[in-house]
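Chain by chain, the residues run as shown.
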Amino acid sequence: MEILTALLVVAAVGLLAGILLAVASHFFAVPENETAKKVRECLPGANCGACGFAGCDSYAEAVAEGKAEANLCIPGGPDVAGQLSDVLGVEVSVGPAKVAYVNCSGDCSANAQKVAYDGVQSCKAAAMLYGGPFSCKFGCIGLGDCVAECPVGAISVKDDLARIDPKICIACGKCVKTCPKGVISLVGEDVVVAVTCSNKEKGAVARKHCMNACLGCKKCEKTCQHDAIKVVDNLAVIDYDKCEDCGECAKVCPTGRLKIVDMKNGVIG
Amino acid sequence: MNMEMVKTLIIIIMSSVLVDNYVLSRFLGICPFLGVSKKVNQSVGMGVSVIFVMLVATAVTWPIQAYILNPLKMGYMQTIVFILVIAALVQFIEIFLKKFIPALHKSLGVYLPLITTNCAVLGVTINNITDYGVEDSNAFLFSMVSSLGCGLGFLFAMVLFSGMRSRIEESDVPESFKGLPVTLVAASFISMAFFGFAGIVENLLA
């Protein structure tokens, strides 16, 4: 008899709780934003944060509420933007697809080590100690902070120099933000010439520090027919808006710091 | 309320925060203690949610014990009924907050499902009944204050430990101790330190 009371009481409590929850979920239901749901379905779901939001979910909410532009998803590129424009019923414009590129070619054969660094194996820590273990204080340190940050595993370090596989890269820009030396930049997927140095020292000094340094000789600047390449602070800088992809500058560069690249096929110079 | 009463309440709070800390002395609620203590702000969020749920759970389970289980002589069903009630209650609170206080839901929301059947919450409700009973006229008040103290103790332990963990993250830990092992060792140190509080609370206001 006792067991029956126990059963009944527990069943009654359970039933009450169940009814309470059912009623509550019916009356207190919060209508979910349908648009946000649809937008979220279009997004890749990598939660990389390249859009500037905490993840795909919060970006979808922001887009649905009209607080954010629909073209901010960099990994998704034109595909996702197109789908979003269908969902939202508005035109969404995107630039060309981008990839991250390491503007440094100071591997261990070219860049002299000034100290033997044996501290915490992180670029950030190494950079704080006299600007890093290499004599060039502008270049890649090669301890792989970017490798750890990359959500898709596109970066590898070889001979103390980070290399990004443009075919895997989703251009989320996390490595750009994390690199203490700022040698990584986002460039268009269709660029033909890339600068592989970040050293802003004068020619002779730069050369002394790294065999693969840009000398700032301005040969490229004189050769360029389209006014697209300029030497700023002893370092060649390409204005890709003006560049006509002729590749003449790369041919005349005496140190070979201007490289012909083909990002789509994984050629990074 | 007389002085004697206030004294008792203060002693209840102090002893449940320091001496009988649920995490560090009774080893209940270890799961969120290790899981959500990586960052200070997360551990604060979790701690506040636990205080909230402990208070509400005690407020609901005490009457159930007093007016349903005890009259029917069904004290032995305590655990099962309490789990059932607490789980349903937390779910209800989540739905309720989502509708009426979205801001609070956003800050507590992620932690509420984690606490649904947390052993610390269940432990508090059951211990309150064992410690203070249901007959005494002050039992309900004592139970509520004790839940508040236990929640504060949980918050205290979480914040303390998350600070410690952020120091561990930055230090050079031997390869074989990296991750959970060093965390558990650190937890045991804090726990041992808390045993030093045993015996001081009784004489706190003497």
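Not measured: the values here are computed from a predicted model.

1. Overview of the overall build of chain B
- Looking only at helices and strands, chain B features nine helices and zero strands.
- Shown N-terminal to C-terminal, the secondary structure of chain B runs as helices and strands in the order α-α-α-α-α-α-α-α-α.
- Of all 206 residues assigned to chain B, the portion counted as buried reaches 34%.
- Here the analysis covers contacts within chain B between residues at least 6 apart in sequence; of these, 78% occur between residues at least 24 apart.

2. Quick look at the overall build of chain A
- Check the secondary structure of chain A and you find ten helices and eight strands.
- When each of the 269 residues of chain A is scored for burial, the buried share is 36%.
- Long-range pairs, those at least 24 residues apart, make up 57% of the contacts in chain A with a sequence separation of at least 6.

3. Quick word on the interface of chain B and chain A
- At the junction of the two partners, chain B supplies 15 residues and chain A supplies 13 residues.
- Among the elements that take part in the side of chain B that touches chain A, helix H4 (residues 78–100) of chain B stands out by supplying eleven residues, more than any other.
- Within the side of chain B that touches chain A, the residues separate by chemical class into twelve nonpolar, one polar and two charged.

4. With respect to unusual backbone geometry
- Unlike most non-glycine residues, Asp245(A) shows phi in positive territory, near 65°.
- Position of Asp245(A) among the secondary structure elements: in the loop between strand S7 (235–238) and helix H10 (248–252).
- Owing to 12 C-beta atoms within 10 Å, Asp245(A) belongs among the exposed residues under this scheme.
- Although it is not a glycine, Phe27(B) adopts a positive phi angle of roughly 55°.
- Structurally, Phe27(B) is set in the loop between helix H1 (3–19) and helix H2 (30–35).

5. Things to note about the packing of helix H3 (residues 40–69) of chain B against helix H7 (residues 119–132) of chain B
Residues and elements named next belong to chain B.
- For the pair H3 and H7, the least separation of the axes is 9 Å and the interaxial angle reads 40°. As judged from the angle between their axes, H3 and H7 are oblique. Judged by the sense of rotation from one axis to the other, the crossing of H3 with H7 is right-handed. From H3, Val50, Val53, Met54, Ala57, Thr58, Thr61, Trp62 and Gln65 reach across to H7, where they touch Ala120, Val121, Val124, Thr125, Asn128 and Ile129.
- For the contact of H3 with H7, the class distribution of residues is nine nonpolar, five polar and no charged.

6. So, the environment of Ala68(A)
Residue and element names in this part refer to chain A.
- Tracing the backbone through its elements, the reader meets alanine 68 in the loop between helix H3 (56–64) and helix H4 (77–88).
- For the pair alanine 68 and phenylalanine 53, spaced 15 residues apart in sequence, the C-alpha to C-alpha distance is 9.6 Å.
- Residues contacting alanine 68, with those up to four places away along its chain left out, are Tyr59, Ala62 and Val63.

7. Quick look at the environment of Gly199(B)
Residues and elements named next belong to chain B.
- Inspection of the secondary structure puts glycine 199 in the segment after helix H9 (180–195).
- Overall, the presence of 9 C-beta atoms within 10 Å leaves glycine 199 in the exposed class.
- Along the primary structure glycine 199 and valine 19 are separated by 180 residues, whereas in three dimensions their C-alpha atoms are 7.8 Å apart.

8. Considering the packing of helix H8 (residues 139–170) of chain B against H9(B)
Residues and elements named next belong to chain B.
- Across the interface, H8 lies against H9 with an axial gap of 11 Å and an inter-helix angle of 135°. With respect to H9, the element H8 is oriented oblique. In terms of crossing hand, the pair formed by H8 and H9 is right-handed. Across from Leu160, Phe161, Met164, Arg165 and Ile168 in H8, the residues of H9 making contact are Val182, Thr183, Ala186, Ala187 and Ile190.
- Broken down by class, the residue content of the contact of H8 with H9 amounts to eight nonpolar, one polar and one charged.

9. Re H7(B)
Residues and elements named next belong to chain B.
- Here H7 is 14 residues long and its end C-alpha atoms lie 19 Å apart, about the 20 Å a rise of 1.5 Å per residue gives.
- Three or more residues of H7 are buried, namely Ala120, Val121, Leu122, Val124, Thr125, Asn128, Ile129 and Tyr132.
- The inward-facing, buried residues of H7 contact H3, H4, helix H6 (112–115) and H8.
- Positive phi shows up at glycine 133, right after H7, with a value of about 65°.

10. Considerations on the environment of Val134(B)
All names here are of chain B.
- Structurally, valine 134 is set in the loop between H7 and H8.
- Placed 72 residues apart in sequence, valine 134 and tryptophan 62 show a C-alpha to C-alpha distance of 7.5 Å.
- Contact partners of valine 134, with chain neighbours within four places excluded, come to Gln65, Ala66, Asn70, Ile129 and Ala139.

11. Quick word on the pairing of S7(A)
- Across four bridges, the pairing between strand S6 (residues 229–232) of chain A and S7(A) is antiparallel. In the strand pairing of S7(A), Ile229(A) is matched with Ile238(A).

12. As for the confidence of the model for chain B
All names here are of chain B.
- Here chain B shows a mean pLDDT of 86. Residues at 70 or above account for 97%.
- Here helix H5 (residues 102–108) is the element of chain B with the lowest mean pLDDT, 74, and H8 is the one with the highest, 91.
- This prediction of the complex comes with two scores: 0.57 for pTM and 0.72 for ipTM.

Cut-offs applied
- Residues numbered from 1 in each chain as written.
- Chains lettered and ligands numbered in written order.
- Predicted model: local features only at pLDDT ≥ 70, side-chain atom pairs only at ≥ 80, totals over all residues.
- Helix = DSSP H or I, 4+ residues; strand = E, 2+ residues; numbered from the N terminus.
- Buried ≥ 20, exposed ≤ 12 C-beta atoms within 10 Å, placed from the backbone.
- Contact = placed C-beta atoms within 7 Å.
- Nonpolar A, V, L, I, M, F, W, Y, C, P; charged D, E, K, R; others polar.
- Axes fitted to C-alpha atoms, helices over the stretch in contact; angles between N-to-C directions.
- Parallel < 35°, antiparallel > 145°, perpendicular 65-115°, else oblique.
- Left-handed = near helix turned anticlockwise from the far one by under 90°.
- Expected span 1.5 Å × (residues − 1).
- Pairing = 2+ DSSP bridges.
- pLDDT = per-residue confidence, 0-100.

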